[in-house]
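Here is what each chain is made of, one letter per residue.
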Amino acid sequence: MTGEKEYFDFDDIGACAELAELLFPGVKESPEECEGRFPERKLPEGAKVTRFAPSPTGFLHFGGLFPTTVGERLAHQSGGVFILRIEDTDAKREVEGAAESLINTLSYYGIKFDEGVTAEGEKGDYGPYRQSMRAAIYHVYAKKLVAEGKAYPCFSTDEELEKLNSADKKAELKEKDWHFDAEAVKRELLERRRFTLEEVKSSLAAGEKFVLRIRADGDSDKKHPFTDLIKGNIEVPENDEDFVLLKSDGIPTYHFAHAVDDHLMRMTHVIRGEEWLPSLPKHIQLFRYLGFRLPKYMHIAQIMKLENGAKKKLSKRDMGANMNDYKRMGFAPDCVMEYVMTLLNSNYEEWHMQNPDKKYTEFPFSIKKMSTSGCLFDLAKLEDVSKNVLSKYTAKQIYEGAAEWAREFDPELAALLERDPEYAERIFSIGRGGKKPRKDFGAWGEVKAYMGFFYDELFEVTEALPEGTDITDVKQVLTVFAKEYDPEDTQDVWFEKIKAVGAPLGYASDMKAYKAAPEQYKGSVADVSAFLRLAVTGRLSSPDMYEVMRIMGKERVAGRLSAFAGKL
Ligand code: GLU
């Protein structure tokens, strides 16, 4: 027998079948049987099946909420199915509790899954939905690929494997004074395809571990047109890399698991970050080898931030990258979702202006209106969007949102709010409900600064009277008004009283008259109001003083006025 002949012949169907049996003796199920367990879904025409497939390696990133929202919208807008699959094939990187935390965070943002891993366990007929539980399924397809001569084992240690592709290897090749080029590396790598069945048998008998590699048949110099639903028409090279399908512990790589899972779960659209685009050749190859119909792909551009005028990727450490940041700052989930929608679809804001009372879920989300180059993340814009959203809340909703947040992040505020919910709700109702509602805060974390002065415990004077103010006048105004003030007064009567305290001291009651001849007055009713405002709220700008005083009541108003006067 010549040496050549002894090598495993991938065209020999019998040999391939024998190899498959040697490697996967325990796999009895056929791919057809497996397919039968996960039949095509019976869904209306055009219904999309999408998924969020996080690896439980940490917290939910803002960049993760992005594709998730797209998947959720596309599925639910089309009467399809949205699935949560946990991609926990990399035990080394797994963080304990991360999957649960992801599930909780997503549900906090109102992202609902029809199928998959939920807080109550698994839901749906296409599971298991944790990749670590799907080894038996992957092995059915791994066996099929080996039996068809499309995959082969590689008995090397992890380090050896790593070395083959590593810088070390390249350096070694150079050292040997080879003419270093990609071809040389490729030849070296192709060496792995040379083995005999006997070698495989003895390695298995010795208990050696193997990784399973694909037997790539592509040529990376050849490119094929491909349509990505976001990137448009692109060109994708063929795959020529014998990449790993199963690691030595029998657990699949992302590439292999993605193909098997997205096929068996009958996914119509794969929506993921553009960092996966370079892996597309591998995936196209795998789907073809496995005989699976390729789903549609959408590669979403990464979120960028502006730093010193330059666009940079939003990194994990940036404020706002971790979804828990929003919770801590007190951005309500619907505000964040509203912001996500404005970033996702360029026509969303306009639509929302025309449909102010509709929920974002009623917006006709369109893939075509998505940015191909990466959205710009901007906390100031989030604040703006949130102010808008919160301005439409009822006082009760504001109270509930603020109190819930405060219970976790500001117990002092929570105690004050809960001491007298009715008082708090009256405060929150100032300027609410009309055509032009007030937009004082965008996050619960800003509530204390906005309304703290209503509570004696939080009240402090943070601003000063304008320079040159006659202190005796201020004292006089505060003392007289403290006596005069009656919360039962109508706004007109109340205002007349303010004018009446100032007039004898030389403060014009009539703004027109004052503007016409300011030199004839010490000031105007605006100054008188400012004295009162500063004494009552501790600052020079505040919501409507008439409302503020009525909510505080006679005793507290009078107390504040005389306390301020006493310190002058
Ligand atoms: N597990 C992959 C990740 O965490 C999922 C990519 C995909 O959606 O296909 O990025």
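The following paragraphs examine the structure supplied in this document. (Residues numbered from 1 in each chain as written. Predicted model: local features only at pLDDT ≥ 70, side-chain atom pairs only at ≥ 80, totals over all residues. Heavy atoms only, no water.)

**Focus: the packing of helix H2 (residues 13-23) against helix H10 (residues 197-205)**
Test applied: Helix axes use the C-alpha atoms of the stretch in contact, all axes being lines fitted to C-alpha atoms, and the angles between their N-to-C directions lie in the range 0 to 180 degrees. For helices the rule is a DSSP run of H or I covering at least 4 residues; for strands it is a run of E covering at least 2, with both sets numbered from the N terminus onward. Any angle that is under 35 degrees is reported as roughly parallel, and any over 145 degrees as roughly antiparallel; angles of 65 to 115 degrees are reported as roughly perpendicular and all others as oblique. In this description, contact between two residues means that some pair of their heavy atoms is separated by no more than 4.5 Å.
Running from amino to carboxyl end, H2 crosses H10 at an angle of 5°, the nearest separation of the two axes being 11 Å. One way to sum up the angle between H2 and H10 is to call them roughly parallel. For the pair H2 and H10, contact is made by Ala15, Glu18, Leu19, Leu22 and Leu23 and by Leu197, Val200, Lys201 and Leu204, respectively.

**Things to note about the site of the ligand**
The condition that has to hold: Put simply, a residue is near a molecule or strand once any heavy atom of it comes within 4 Å of that molecule or strand. The definition of a polar contact used here is a pair of N or O atoms within 3.5 Å, where within protein one atom must be able to donate a hydrogen and the other to accept one, and adjacent residues in sequence count solely through side-chain atom pairs. Using the Shrake-Rupley algorithm and a 1.4 Å probe, accessible areas are obtained, with residue cover drawn only from the displayed protein chains. Residue type decides the class: Asp, Glu, Lys and Arg count as charged, Ala, Val, Leu, Ile, Met, Phe, Trp, Tyr, Cys and Pro as nonpolar, and the leftover types, Gly among them, as polar.
For the ligand, the full set of nearby residues is Arg51, Ala53, Ser55, Glu87, Tyr254, Arg272 and Trp276. Between the ligand and the protein, one listed contact pairs an oxygen atom with a side-chain N or O atom of Arg51 at 2.7 Å. Glu87 has a polar side-chain atom sitting 2.6 Å from a nitrogen atom of the ligand. Contact with the protein chains removes 81% of the 290 Å² of surface that the ligand exposes when unbound. Residues of the shell around the ligand, tallied by class, amount to three nonpolar, one polar and three charged.

**A look at empty space enclosed by the protein**
For clarity, the cut-off: A 1.4 Å probe that fits but cannot get out identifies a cavity on a 1 Å grid over protein atoms alone, an open set with protein on both sides within 12 Å along at least five of seven lines counts as a pocket, and a residue lines either if it has an atom within 4 Å of a point. Grid points are joined across faces, edges and corners, and a volume is the space filled by probe spheres set on the points.
Evaluation of the coordinates by the stated rule reveals two cavities of 30 Å³ or more. The computed volume of the largest cavity comes to approximately 40 Å³. Ile427, Phe428, Ile430, Arg432, Arg438, Asp440, Phe441 and Tyr450 together form the lining of the largest cavity. In terms of residue class, the lining of the largest cavity is made up of five nonpolar, no polar and three charged. Put simply, the second largest cavity is a space of about 30 Å³. What lines the second largest cavity is simply Phe66, Ile300, Ala301, Leu343, Leu344, Met370, Ser371 and Cys375. When grouped by side-chain class, the residues that make up the lining of the second largest cavity number seven nonpolar, one polar and no charged.

**A look at the sheet that holds strand E9 (residues 244-246)**
Pairing between the strands of a sheet is mediated by backbone hydrogen bonds and can be parallel or antiparallel. Applicable threshold: Strands pair, by our definition, only if DSSP identifies at least two bridges between them.
As summarised here, the arrangement of the three strands in space is E5-E6-E9, forming an open sheet in which the pairing is antiparallel. Of all strands in the sheet, those with a lone pairing partner are strand E5 (151-154) and E9, marking the two edges. Going across the sheet, the axis of each strand differs from the next one's by a mean of 40°, ignoring polarity. In this structure, E5 lies alongside strand E6 (residues 211-214), joined through four bridges in antiparallel fashion. Bridging from a neighbouring strand, Tyr152 pairs with Arg213 of E6.

**Describing the pairing of strand E11 (residues 296-300)**
Residues in a regular strand project their side chains so that they alternate between the two faces of the sheet. Where we set the bar: With a 1.4 Å probe rolled over the protein chains alone, any residue whose accessible area is under 20% of its type maximum counts as buried; one over 50% counts as exposed, and the rest are partly exposed. Place the viewer so that the strands point away; then a crossover is right-handed whenever the path from the first strand over the helix to the second strand goes clockwise.
Most of E11 sits out of view: four of its five residues are buried. Direction of pairing for strand E10 (residues 269-273) relative to E11: parallel, over a ladder of five bridges. Each bridged residue has a counterpart across the sheet, and for His269 the counterpart in E11 is Lys296. Handedness of the E10-helix H12 (residues 280-290)-E11 crossover: right-handed.

**Side note on the pairing of strand E1 (residues 49-52)**
The alternating pattern of E1 places Val49 and Arg51 on one face and Thr50 and Phe52 on the opposite face, and all of these are buried. In this sheet, strand E2 (residues 81-84) lies alongside E1 in parallel orientation, the contact comprising four bridges. If you follow Val49 over to E2, its bridge partner there is Val81. On the question of chirality, the crossover connecting E1 to the parallel E2 by way of helix H4 (residues 62-77) is right-handed.

**Focus: unusual backbone geometry**
Looking along the chain, the bond that leaves Gly127 and enters Pro128 is cis, with omega of 0°. The topology assignment puts Pro128 in the loop between strand E4 (121-123) and helix H6 (135-147). With a phi angle near 60°, Arg266 is a residue other than glycine that sits in the positive phi range. On the secondary structure map, Arg266 appears in the loop between helix H11 (254-264) and E10. The residue Asn308 is not glycine, and still its phi comes out positive at about 50°. You can see Asn308 is positioned in the loop between strand E12 (304-307) and strand E13 (310-313).

**Remarks on the sheet that holds E13**
In space, the three strands of this open sheet follow the order E13-E12-E14, with mixed pairing throughout. Because the sheet does not close on itself, it has two edges, and the strands there are E13 and strand E14 (376-377). Strand direction decides the pairing type here: E12 and E14, joined by two bridges, are parallel. In the strand pairing of E14, Met304 is matched with Leu376.

Purely spatial values, then, with no claim about function.
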